[in-house]
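So the chains spell out like this:
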There are 2 protein chains.
Amino acid sequence: MARTGSAESKGERTRRRIVGHATLLMYEKGYARTTIDDVIAAAGVTKGSFYFHFSSKEELGCAVIEAASEHILSRLREALDRPDLSPRGRIEAMLKEIQGIVEEADCSRGCILGNLALETSSSHPDFRERIAKAFREWSELIASELQEMKAAGELPADFDCAAYADFAVSALEGGIMISKVTRDPSPMRNSVDLILRQFEDYKKPDRDNPKTISRRKGR
Amino acid sequence: MARTGSAESKGERTRRRIVGHATLLMYEKGYARTTIDDVIAAAGVTKGSFYFHFSSKEELGCAVIEAASEHILSRLREALDRPDLSPRGRIEAMLKEIQGIVEEADCSRGCILGNLALETSSSHPDFRERIAKAFREWSELIASELQEMKAAGELPADFDCAAYADFAVSALEGGIMISKVTRDPSPMRNSVDLILRQFEDYKKPDRDNPKTISRRKGR
DNA sequence: CATAATAGACTAACCGGTCGGTATATTATC
DNA sequence: GATAATATACCGACCGGTTAGTCTATTATG
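Below, the structure is looked at part by part. (Residues numbered from 1 in each chain as written. Chains lettered and ligands numbered in written order. Predicted model: local features only at pLDDT ≥ 70, side-chain atom pairs only at ≥ 80, totals over all residues. Heavy atoms only, no water.)

For these two chains of identical sequence, chain B goes onto chain A by a turn of 180 degrees and a shift of 0.0 Å along the axis, with RMSD 0.1 Å. In symmetry terms, the pair is related by a two-fold rotation axis. Mapped onto chain A, 88% of the interface residues of chain B again fall at the interface, so both copies present the same surface. (Least-squares fit on C-alpha atoms with pLDDT ≥ 70 in both. Contact = heavy atoms within 4.5 Å.)

Listed below in structure tokens is the structure:
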């Protein structure tokens, strides 16, 4: 038992190092083409050490997905946790954060959750479910922020926040996918822009036209 | 008794059969997890025969992507080639066609182009480029239809058709992805619905008030 | 010293691709 | 029009490299 105290034990550090390098490799090459030998070489550990910390490649995959989900969602939550901004400003901050995450990799690696989802979801139900949960949480984050926009009168009263949040997640993931395939950041940026534009020019219904979200020019 | 006239030769039929079964397998399991042995067993041919028709697995992958691109795009073009419908009706028909293609597979297999794109684009530049071309063509199809809507007064004069077409493709591919991951058709349907809704309530400016509802253009 | 952690040789299965060979059609030659 | 020559199509055993995972031995660490 080397576990007492608050400091991270050596084993925990090793495990984290393995997950970190595995994440980079799987982000770059996908799950199947990332071999255990790749991972241990990158992390500087041996086979025996690896299999002391992980029982299988699948368990490593789970750890990678878990860590990536937490990393991404915490960055998004951080972007939304800005009391100094209006609800709309916070959504914008969140979208920019996504854009930043993707552009850190030149848009050429896409989104690790989307990548692993499409590659492995038919063979690894546990991967699939964990990733589905991350997308659901992301959508809920957006939806609750849209609710706040609505409460602040920045959206029409009949605006369907949940549906639009799902739509935004789809448009973003799709944009990231097309950016990866075309090696061009503009599809993803275009998704960000057009999502933002939906919110741009709704005017608090002064009394006459509460029904439609208008789309007049703004900016 | 071959070769004469327009009939397909025996070799061509075999090749097509191989591609067809390979497409189903790669749609289901992805590229890496589809083995040549899988393909030849499904198509009922032997290794030797396979390697007579294809020089490598990669060449098979190209053939699958090519065939899938043509198949999908031709179905979309067909849906758009309906002179009896209004431009908006044609877009709706195309979206329903996409929905149909995906729901034929219970939404659980996603889109074969998107799947292969995310799995292989970092290792197979030729796959990536061919798929990028298909997405580009799809977007152009939508954009030109939006142009017709605009000409028919169903969209504001400053509507940015190209940007919106890209956005629609992103939202659809993203919706298909989320539907695959969640095994639930609603995210994809939601994308279809919200795309259609964008067009729903623009009213032709009745000569006196030409700027009532318009959207900003450009980026 | 007990156990956590590391070391790395080894294995068994898998998989893409090869190779020598066969069968059947098409074309060339006399 | 018989036959030789060639091209097309197919057959399946086999090979070599790769890969996930195992096993036994050894070294830190509390």
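Let us now look at the protein's contact with DNA strand D. Within the structure, DNA strand D sits among 19 residues, and Lys47 and Lys57 of chain A together with Thr14, Gly48 and His53 of chain B are positioned closest to it. Among the atoms of DNA strand D lying within 4 Å of the protein, the sugar-phosphate backbone contributes 57%. Note that a base oxygen of DNA strand D is positioned 3.1 Å from one of the backbone N or O atoms of Gly48 of chain B. In this structure, Ser49 of chain B approaches DNA strand D through a side-chain N or O atom, which is 3.5 Å from a phosphate oxygen. Of all the secondary structure elements, the ones that give two or more residues to the surface near DNA strand D are helix 3 (47–53) of chain A together with helix 1 (10–29) and helix 3 (47–53) of chain B. With 5 residues, helix 3 of chain B is the single largest residue contributor to the surface near DNA strand D. Considered class by class, the residues forming the surface near DNA strand D number 4 nonpolar, 10 polar and 5 charged. (Near = heavy atom within 4 Å. Polar contact = N/O pair within 3.5 Å; in protein donor to acceptor, adjacent residues only side chain to side chain. Helix = DSSP H or I, 4+ residues; strand = E, 2+ residues; numbered from the N terminus. Nonpolar A, V, L, I, M, F, W, Y, C, P; charged D, E, K, R; others polar.)

Attention shifts here to the interface of chain B and chain A. The interface is formed by 48 residues belonging to chain B together with 44 residues belonging to chain A. A buried area of about 4,200 Å², summed over both sides, lies between chain B and chain A, and 62% of it is on carbon and sulfur atoms. In this structure, the connection of chain B to chain A is made through 0 salt bridges. Counting every contact that joins chain B to chain A gives 7 residue pairs in polar contact (both at pLDDT 80 or more). Take the side of chain B that touches chain A: its biggest share by element is 15 residues, from helix 8 (residues 161–182) of chain B. (Buried area = accessible area lost by both parts, 1.4 Å probe. Salt bridge = Lys/Arg side-chain N within 4 Å of Asp/Glu carboxyl O.)

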